[in-house]
Amino acid sequence: MMSVFDEVTVPVERGTMKVILPIMGLVFISFLVIGMALPVLPLHVHNVLGFGPLVVGLVAGGQFLAALLSRLWAGRLADEAGPRRAVVAGLSASIAGGLLYLLSLKLLDWPDAAVVTLLLGRTLIGGAESLIITGGIAWALGLAPKNRSAKAISWIGMAMFAAMAAGAPLGSFVFGRSGFGAIAIATIVLSATGLLIACLIRPFVPEAAPRARIGKVLNAVALPGLGFALSGLTFGAITSFLTLYFAVQNWPFGAIAFTSFAAALVLARITVGHLPDMIGGARTAIYCLVLQVAGLCLIGMAGSALVAIVGAALSGAGFSLVFPGLGLEAVRRAPPQARGMAMGVYNTFLDATLGFGSPALGFLAAHAGLGSVFIASAMASACAIPIAVHLSRTSR
């Protein structure tokens, strides 16, 4: 009996991009709602609800903590029931999160209740993010040939960050014109649109195979995941504190700085996204981590908005291929029938960093200033370089 892998071999050889493009579009729409909320949520919590950096970090970290708790289940669901089932479940959770956003606005006279409701909405959207990106990557890996695994991971991630790049200025514009209520409505409408698209895309049904042991997958993914976790603190610093950093410094173009991070990330994946498949994932990660450290240091020590924007762009370019590079190392070490779980576990390391690291960065910002957030993230990224060097040597 012909498997789904056999059915898609010919079109994949004719153009991997053509096969994966519908999944990229779905991921783009799904993450556009997250991109719209990222630059404005800290401002809403700080300026409208009246809370400080620590609570800003807690609200931001709630999404990542929820993603952490749901990654393993998301990977198992994608491997056993199919990636589309995971994506549909995620989009449904995103709609529910948007409804909680709206409910929080009814509680503005009770800021504590409003921020708790907002946190619950962020928690649901964190679970949605986990299901959508894990399912989307598993979908792409099922369609792409094995020698294009890193590119498949990279393209799905590129769609995610392109959505964030487009969502940041769009969210800032909508927030400035209509407030956080419009962000909540956009979350509901776009998630429902993504749900419709997911139902129209041809499902990918994995072949029946013995269930991989969790311990074996964890052992395969542990070292690449640790390296990605250290690098990923950058993402928490940028998404949670960059626009607030600009506001506190009285600098203009805070949303543009966030967009420069995401746009540089997307541009790097378009132009050099083939490097992990050509020279190795770990080796690519080494070069990118060095660039990432340099960009973060520029932000932390910036004396003007322009310098900080340049630092954000360098950080985005550096962060761009760490995810697919180390992700390729994780997938290659995992059992073939557990690729969805491998990517779910791999992303769990980032979730752990962001779920606990974002509040820690908020605590650091409250005591040492917002610039210290980016210096601390640079130090964490520097610690990932020896791990990438070790992986590069063992891969050879």
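For clarity, every value in this text was computed on a predicted model and none was experimentally measured.

Conventions and cut-offs
Residues numbered from 1 in each chain as written. Predicted model: local features only at pLDDT ≥ 70, side-chain atom pairs only at ≥ 80, totals over all residues. Heavy atoms only, no water. Helix = DSSP H or I, 4+ residues; strand = E, 2+ residues; numbered from the N terminus. Expected span 1.5 Å × (residues − 1). Buried < 20%, exposed > 50% of the residue type's maximum accessible area, 1.4 Å probe, protein only. Axes fitted to C-alpha atoms, helices over the stretch in contact; angles between N-to-C directions. Parallel < 35°, antiparallel > 145°, perpendicular 65-115°, else oblique. Left-handed = near helix turned anticlockwise from the far one by under 90°. Nonpolar A, V, L, I, M, F, W, Y, C, P; charged D, E, K, R; others polar. Core = buried A, V, L, I, M, F, W, Y, C linked by side-chain atoms within 4.5 Å. Contact = heavy atoms within 4.5 Å.

Asker: Help me understand helix 7 (residues 111–143), please; the structure alone is not making it clear to me.
Answerer: Side chains that are three or four residues apart share a direction in an α-helix, a result of its 3.6 residues per turn. The end-to-end C-alpha distance of helix 7 is 47 Å, a good match for the 48 Å that 33 residues give at a rise of 1.5 Å each. Burial within helix 7 is extensive, with 25 of its 33 residues counted as buried.

Asker: Sorry if this is basic, but what is going on with the packing of helix 10 (residues 214–248) against helix 16 (residues 339–368) here?
Answerer: The angle between the axes and the distance between the axes are what describe a pair of packed helices. The N-to-C vectors of helix 10 and helix 16 enclose an angle of 40 degrees; their axes lie 6 Å apart at closest approach. Between helix 10 and helix 16, the interaxial angle falls into the category oblique. Judged by the sense of rotation from one axis to the other, the crossing of helix 10 with helix 16 is right-handed. Split by residue class, the contact of helix 10 with helix 16 holds 22 nonpolar, nine polar and no charged.

Asker: Please clarify how the nonpolar core should be interpreted in this entry.
Answerer: Where a protein is soluble and globular, its nonpolar side chains tend to be buried together. Membership of the largest hydrophobic core comes to 115 residues, with the highest contact counts inside it found for Phe31, Ile156, Met164, Leu242, Phe246 and Phe374. Ile156 has contacts with Ile20, Ile23, Met24, Val27, Ile133, Gly136, Ile137 and Ala140, leaving out every residue within four places of it along the chain. By size, the runner-up hydrophobic cluster in this structure holds six residues, among which are Leu77, Ala86, Leu131 and Ala138.

Asker: Sorry if this is basic, but what is going on with unusual backbone geometry here?
Answerer: Excluding glycine, a negative phi dihedral is what most residues carry, and trans is how most peptide bonds are arranged. One non-glycine residue, Asn250, lies in positive phi territory at about 60 degrees. Tracing the chain through its elements places Asn250 in the loop between helix 10 and helix 11 (254–272). Unlike most non-glycine residues, Phe253 shows phi in positive territory, near 70 degrees. Structurally, Phe253 is set in the loop between helix 10 and helix 11.

Asker: Quick question: what am I supposed to make of the environment of Ala382 here?
Answerer: Counting through the fold element by element, Ala382 comes out in helix 17 (residues 371–395). Taking the relative accessible area as the measure of exposure, Ala382 reaches 34% and is therefore partly exposed. Each C-alpha atom, one on Ala382 and one on Leu230, is 8.2 Å from the other, the two residues being 152 residues apart in sequence.

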